[in-house]
Amino acid sequence: MKKVLVLEDESSIRSFIVINLRRAGYDVIEAESGEEALEKLQENPDTRVALLDIMLPGIDGFEVCRRIRATNLRIGIIMLTARSQEMDKVTGLMTGADDYVTKPFSPAELTARVDALIRRSGVTDDTTDRITQLPFVLNTRNRTLEKDGQRIKLTQMEYAIMKMFMENPGKALSREEILDLVWGRDYFGELKIVDVNIRRLRLKIEDNATNPTYITTVWGYGYKWEA
Ligand code: CA
């Protein structure tokens, strides 16, 4: 069964999430604090997705996200944010989260997000072994990226975006298209998720992220991979 961790200190919200994920067929682990979440993830290395609340009594959700990402790039991370925390969404994504949901959310919305992440991380590509566009080599067998022979560590979502770009060299892609291609057509999220993930990816792959030359911006439209 697909294992999901839920970190939320408010018990009513936590049980709402847990009940709905169990109903959707997930094996759910619960944590009330960041410390407990990190411990449980160590005990359950096969966890596919972690849902992280931000405001917590001990270390906050951003710190939990940072600590998870320091050792685990494969797990999907979704931040649980409040409507008033617009900035937090961006901060959360920059610390390595893949997505966020805004409270209050519907059970359908939540499970759609979790499903999308699991689908994304579980896909093994077998059409080609690698895509080479120097200085980049994307190995689709073990889902890794090298630039000038140096391994660049990517989250599953960053890998998916990189693959999409390398499969569409020189083509201007709208933010809507990118959302469809990477997150899927049944995805409930906002376009902002595209921008923040691309900003994070640029920090990893560009020579100078403030003046990107590989992933360029097509103003008022989207992005383009400069082959
Ligand atoms: Ca909280």
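Residues numbered from 1 in each chain as written. Predicted model: local features only at pLDDT ≥ 70, side-chain atom pairs only at ≥ 80, totals over all residues. Heavy atoms only, no water.

A. Representation of the overall build of the protein chain. Scanning the protein chain from terminus to terminus reveals eight helices and twelve strands. Its C-alpha atoms give the protein chain a radius of gyration of 17 Å, within 12% of the compact-globule value 17 Å for 227 residues. Judged by the C-alpha coordinates and their principal axes, the protein chain covers about 50 × 35 × 30 Å. Put simply, the protein chain has 227 residues, and 54% of those count as buried. Counting contacts in the protein chain only where the partners sit at least 6 residues apart, residues at least 24 apart contribute 58% of the total. Approximately 10,800 Å² of the protein chain is accessible, and the part contributed by carbon and sulfur atoms is 49%. Here the protein chain holds 33 positive side-chain charges and 36 negative ones, and the gap between their average locations is 3 Å. (Helix = DSSP H or I, 4+ residues; strand = E, 2+ residues; numbered from the N terminus. Rg over C-alpha atoms; globule rule 2.2 N^0.38 Å. Buried < 20%, exposed > 50% of the residue type's maximum accessible area, 1.4 Å probe, protein only. Contact = heavy atoms within 4.5 Å. Areas by Shrake-Rupley, 256 points an atom, 1.4 Å probe, with all protein chains shown as cover. Lys, Arg positive; Asp, Glu negative; His and termini not counted. Charge placed at Lys NZ, Arg CZ, Asp CG, Glu CD.)

B. Just the coordination of the calcium ion, in detail. Donor atoms from the polypeptide that coordinate the calcium ion comprise Asp-9 (OD), Asp-53 (OD) and Met-55 (O), at 2.2 to 2.3 Å from the metal. In the primary structure, the donors to the calcium ion are separated according to the pattern D-x43-D-x1-M. Look at Met-55 and you get exposed, because its relative accessible area is 58%. (Donors = N, O, S within 2.8 Å, 3.2 Å for Na, K, Ca; no water.)

C. Here's a closer look at the sheet that holds strand 1 (residues 3–7). Across the sheet, five strands lie side by side as 2-1-3-4-5; this open sheet has parallel pairing. The open sheet has two edge strands with one neighbour each: strand 2 (27–31) and strand 5 (99–103). Here the strands of the sheet are splayed against their neighbours by 20° on average, with no regard to which way each runs. Of the strand pairs in this sheet, strand 4 (residues 76–82) and strand 5 are connected by five bridges, and their pairing is parallel. Bridging from a neighbouring strand, Ile-78 pairs with Asp-99 of strand 5. Helix 3 (residues 61–71) contacts strand 1, strand 3 (49–53) and strand 4 of the sheet and is inclined by roughly 175° relative to strand 4. (Pairing = 2+ DSSP bridges. Axes fitted to C-alpha atoms, helices over the stretch in contact; angles between N-to-C directions.)

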